[in-house]
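# Descriptive analysis of the structure
Spelled out, the chains give:
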Amino acid sequence: MEYLIVRFPRSRRVLVDDEFNGRTEDLIEIEAGRHVVSLGPPYNYTPKEQTIILKDTAELDPREVSFDLSSDA
Amino acid sequence: MICRLMPRWALVCLLFLALPGCAHYFVNVEKPAIQPVKEYRFNPEASGGNSNSLFICLAFSGGGTRAAALSYGVLEKLKDTRITWKGVEKSLLDEVDCISSISGGSFTAAYYGLFGERIFQDYRGRFLEADVQGSLFWSLFNPWNWVRLASPYFSRIDIAAEYYDEHIFEGKSFTALAETGRRPFVMLNATNLANGERFEFTQDQFDFLMSDLTSYPVARAVAASSAFPFLLSPITLKNYPHAHFQLPKDYELGLKDYPDNRRRYYWARNRAMYMDDAALPYVHLMDGGLADNIGLRPIEAAHQRSSGFIRKLFNQGEIEKFVLIVVNGHTLDKDTMSKDESPPGVGTVAPIIATVAMEHYSVETIEAVKDLRNARRKAQKNITACQKKLDQCPGSPQLPKFPTEIDPYVIEVDFEAISDPDRRNYFLSLPTSFALEKDQVQALINVGPQLLNESPEFLAFIESLRSQ
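Residue numbers run consecutively from 1 along every chain, following the written order of its sequence. The lettering of chains begins at A and the numbering of ligands begins at 1, in the order of writing. Thresholds applied to this predicted model are a pLDDT of at least 70 for local features of residues and 80 or more for the giving and counting of side-chain atom pairs; totals over whole chains, interfaces and linings are not thresholded and use all residues.

The next point concerns the overall build of chain B. By definition, any uninterrupted DSSP run of H or I lasting at least four residues is a helix, any uninterrupted run of E lasting at least two residues is a strand, and each is numbered from the N terminus. Each helix and strand in chain B was counted, giving 20 helices and twelve strands. Taking 23 Å as the expected radius of gyration for a compact globule of 468 residues, we find that chain B reaches 24 Å, a close match to that expectation. Dimensions of chain B along its principal axes, counting C-alpha atoms only, are 105 × 60 × 50 Å. Residue burial here comes from a neighbour count, namely the number of other C-beta atoms, placed from the backbone, that lie within 10 Å of the residue's own C-beta, with 20 or more meaning buried, 12 or fewer meaning exposed, and in between meaning partly exposed. Across the 468 residues in chain B, those meeting the buried criterion constitute 43%. Between the two quantities, the radius of gyration covers C-alpha atoms and the globule rule is 2.2 Å times the number of residues to the power 0.38.

It is worth spelling out the packing of helix α8 (residues 156–167) of chain B against helix α11 (residues 218–225) of chain B at this point. All names here are of chain B. It is at 8 Å that the axes of α8 and α11 come closest, and there the two elements cross at 130°. For the element pair α8 / α11, the angle class is oblique. The handedness of the crossing between α8 and α11 is right-handed. Residues Ile-157, Ala-160, Ala-161, Tyr-164 and Asp-165 of α8 pack against Ala-219, Arg-220, Val-222 and Ala-223 of α11. In this classification, the charged set is Asp, Glu, Lys and Arg, the nonpolar set is Ala, Val, Leu, Ile, Met, Phe, Trp, Tyr, Cys and Pro, and all remaining amino acids, among them Gly, are polar. The residue inventory of the contact of α8 with α11, partitioned by class, reads seven nonpolar, no polar and two charged. Fitted lines through C-alpha atoms give the axes, limited to the stretch in contact for helices. The angle between two N-to-C directions lies from 0 to 180 degrees. These descriptions rest on fixed angle ranges, namely under 35 degrees for roughly parallel, over 145 for roughly antiparallel, 65 to 115 for roughly perpendicular, and the rest for oblique. Crossing chirality is assigned from the near helix's rotation relative to the far helix, an anticlockwise turn below a right angle marking it left-handed and a clockwise turn marking it right-handed. In this description, a residue-residue contact is defined by the distance between C-beta atoms placed from the backbone, which must lie within 7 Å.

Counting residues at the interface gives 26 residues for chain B and 26 residues for chain A. Per element, the largest residue contribution to the side of chain B that touches chain A is five residues, and it comes from helix α17 (residues 362–390) of chain B. Its residues placed into classes, the side of chain B that touches chain A shows ten nonpolar, seven polar and nine charged.

What follows deals with the nonpolar core. We define a nonpolar core as a collection of buried residues of the types Ala, Val, Leu, Ile, Met, Phe, Trp, Tyr and Cys that are connected via C-beta atoms lying within 7 Å of each other. Judged by nonpolar contacts, the single largest core of 110 residues is most densely connected at Ala110(B), Ala223(B) and Val326(B). Top contributing element to this core by residue count: helix α3 (residues 64–80) of chain B, with eight residues. Setting aside its immediate chain neighbours within four residues, Ala110(B) contacts Phe169(B), Val186(B), Leu188(B), Val218(B) and Val222(B). With 16 residues, the next largest nonpolar core counts Val6(A), Val16(A), Ile28(A) and Val37(A) among its residues.

Of the residues making up helix α13 (residues 262–272) of chain B, those classed as buried are Arg264(B), Trp267(B), Ala268(B) and Arg271(B). End-on view of α13(B): buried residues confined to an arc of 90°, all on one side of the axis. Looking at the buried side of α13(B), the elements it contacts are β5 (33–39) of chain A together with α12 (249–254) and α14 (297–304) of chain B. Throughout, the arc means that of the directions going from the helix axis to the C-beta atoms.

Turning next to unusual backbone geometry. That bond from Pro41(A) to Pro42(A) is cis: its omega, 0°, falls within 30 degrees of zero. Examined against the element boundaries, Pro42(A) turns out to sit in the loop between β5 and β6 (45–46). Along the chain, Arg183(B) connects to Pro184(B) via a cis peptide bond; the corresponding omega equals 10°. Mapped onto the secondary structure, Pro184(B) falls in the loop between α9 (174–180) and β6 (185–192). Unusually for a residue other than glycine, Met210(B) sits at a positive phi of about 55°. When you line up the elements, Met210(B) lands in the loop between α10 (203–206) and β8 (211–212). Taking the number of C-beta atoms within 10 Å as the measure of exposure, Met210(B) has 20 and is therefore buried.

Below, the discussion takes up the environment of Ser467(B). Among the secondary structure elements, Ser467(B) is positioned in the segment after α20 (456–466). In this structure, the C-alpha to C-alpha distance between Ser467(B) and Asn145(B), residues 322 residues apart in sequence, is 60 Å.

This next bit is on the packing of helix α6 (residues 132–139) of chain B against α8(B). All names here are of chain B. As a packed pair, α6 and α8 sit with axes 10 Å apart at the nearest point and diverge in direction by 130°. One finds that α6 runs oblique with respect to α8. Crossing geometry of α6 relative to α8 is assigned as right-handed. In contact with Ser-135, Leu-136 and Ser-139 of α6, α8 contributes Ile-159, Ala-160 and Tyr-163. Partitioned by chemical class, the residues of the contact of α6 with α8 number four nonpolar, two polar and no charged.

As a further point, take the pairing of strand β2 (residues 13–16) of chain A. Residues in a regular strand point their side chains to alternate faces of the sheet. Residues and elements named next belong to chain A. When DSSP finds two or more bridges between two strands, those strands count as paired. Note that β2 and strand β3 (residues 19–23) share three bridges and pair antiparallel. Bridging across to β3, Val-16 finds its partner in Glu-19. Where β2 folds back on β3, the antiparallel hairpin that results is connected by two residues, among which Asp-17 adopts a positive phi of roughly 55°. Across three bridges, β2 lies against β5 in antiparallel orientation. The partner of Val-14 across the bridge, within β5, is Leu-39.

Residue and element names in this part refer to chain A. Strand order in the open sheet formed by three strands is β4-β1-β8, with mixed pairing between adjacent strands. Each edge of the open sheet carries a strand with a single partner, namely β4 (28–30) and β8 (63–66). The sheet shows a mean angle of 35° between the axes of neighbouring strands, direction not considered. Pairing geometry for strand β1 (residues 2–7) and β4, over three bridges, is antiparallel. Bridging across to β4, Tyr-3 finds its partner in Glu-29.

Residues and elements named next belong to chain A. Note that Leu-15 resides in strand β2. Judged by local crowding, Leu-15 falls into the buried class, with 20 C-beta atoms found within 10 Å. For the pair Leu-15 and Tyr-45, spaced 30 residues apart in sequence, the C-alpha to C-alpha distance is 13 Å. What Leu-15 contacts, discounting residues up to four positions off in sequence, is Phe-20, Asn-21, Ser-38, Leu-39 and Gly-40.

Once that is clear, we can look at the sheet that holds strand β7 (residues 50–54) of chain A. All names here are of chain A. Across the sheet, which stays open at both edges, the four strands sit in the order β3-β2-β5-β7 with antiparallel pairing between neighbours. Of all the strands in the sheet, just β3 and β7 have a single pairing partner and so form its edges. Within this sheet the neighbouring strands show an average axis-to-axis angle of 40°, counted without direction.

See below:
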């Protein structure tokens, strides 16, 4: 398995491949390969989604994906 | 007019000859434009005293009545095992969340899914101790069935499915399974003859046929799951046009994963192939054991895929203990052909090809699931150990953590674990059929609980519940 951590200034649910798969700041365990990461509502974040290829991560060295508050938030 | 001119006997003959054209297998229906209220999918909301925090899945292997009786004995043991979880006393069976099954194991899984604990009152008489094989055999001598079997759209498997429907499953469809609203979520597995891939009777799989599973008889799914090659014919499903089909994201991305995750790529490809409904207007299904004779692969997929119901609960921090009980009723076929110099004939080779393939990857699949368990345990240990070291330095950062620490168990129920060689050989030599003697059935029902009681992993799991 591979490891992912999603950063956002607020606590938010995380969608991986359109499915709820954990929360921001928690370690998320996902299989290797291509994934689309986004956040749950409200949609006050940017970018809207990020496509990543998960590989060669470790529980102590997860892939980090960050979202920012959108300017209209 | 015709009736007046024709003698009565000729009219009867004509009717007799015309009837075969009327006999047709049960056709799965097209998915309605409006999504039905009840669909047969895993419901992430636990109910009826079953929690997500203690998540138990069972895998029931194939192996005719032998496997069905072994899995029934395990269900009895789980019913009789009292636990206290989160301050509530209940039986371990109350906490079973999913069952994935193959062939003989599918009878027990489907019966428990439909009728719950009623299984402990009437299932033995209805199936385990019944001569189902004999009944199916004698039904072939019914002249009415000769007429129906003359139709190209009706075959032996349809007679078997009718028997199961009438005598075992009381005409229930997947609507009944969806409406119970309770767990376990039962996944009955067959094999697609076209590519040798497993085919599960869930709405997630039927979405790829643009078909609605709810009206489909459970008996036909069990018949497909147990359609042993050569003895029974395949079950056929219709693959409807995919005009408004939306490929789920996990599959869409999986199709691009050939370089990075070959397993995910083939998983996605094998489902996505149904989208070519012009090339594949029909799907022919046989015994689930041809693809996976222990029924673990659907659970493994639910555990691995980002859309998998187990994976999502893991990542949402809902599961604290994850228990997988693999009930493997396999046997060892005695090798007689290796003593003979002359090469075996087709009659010997054909059934061997069918059954050897069934067992080929069972051990590998179990070990792959154990690897997943070990990887999670190790990752959690590494984080805890490193954090402990870091905590010795003032102002050190907090390492990222999983939403919950999961305590995972993989428990095997397998005749190979019987220490007494004679007793072990007795079980490993039992035939694969739908007609066993009552004492054989009783021995199989008894051995499941004994194997659990002797399993170090099961004992460790029970001890972990006591020491909470």
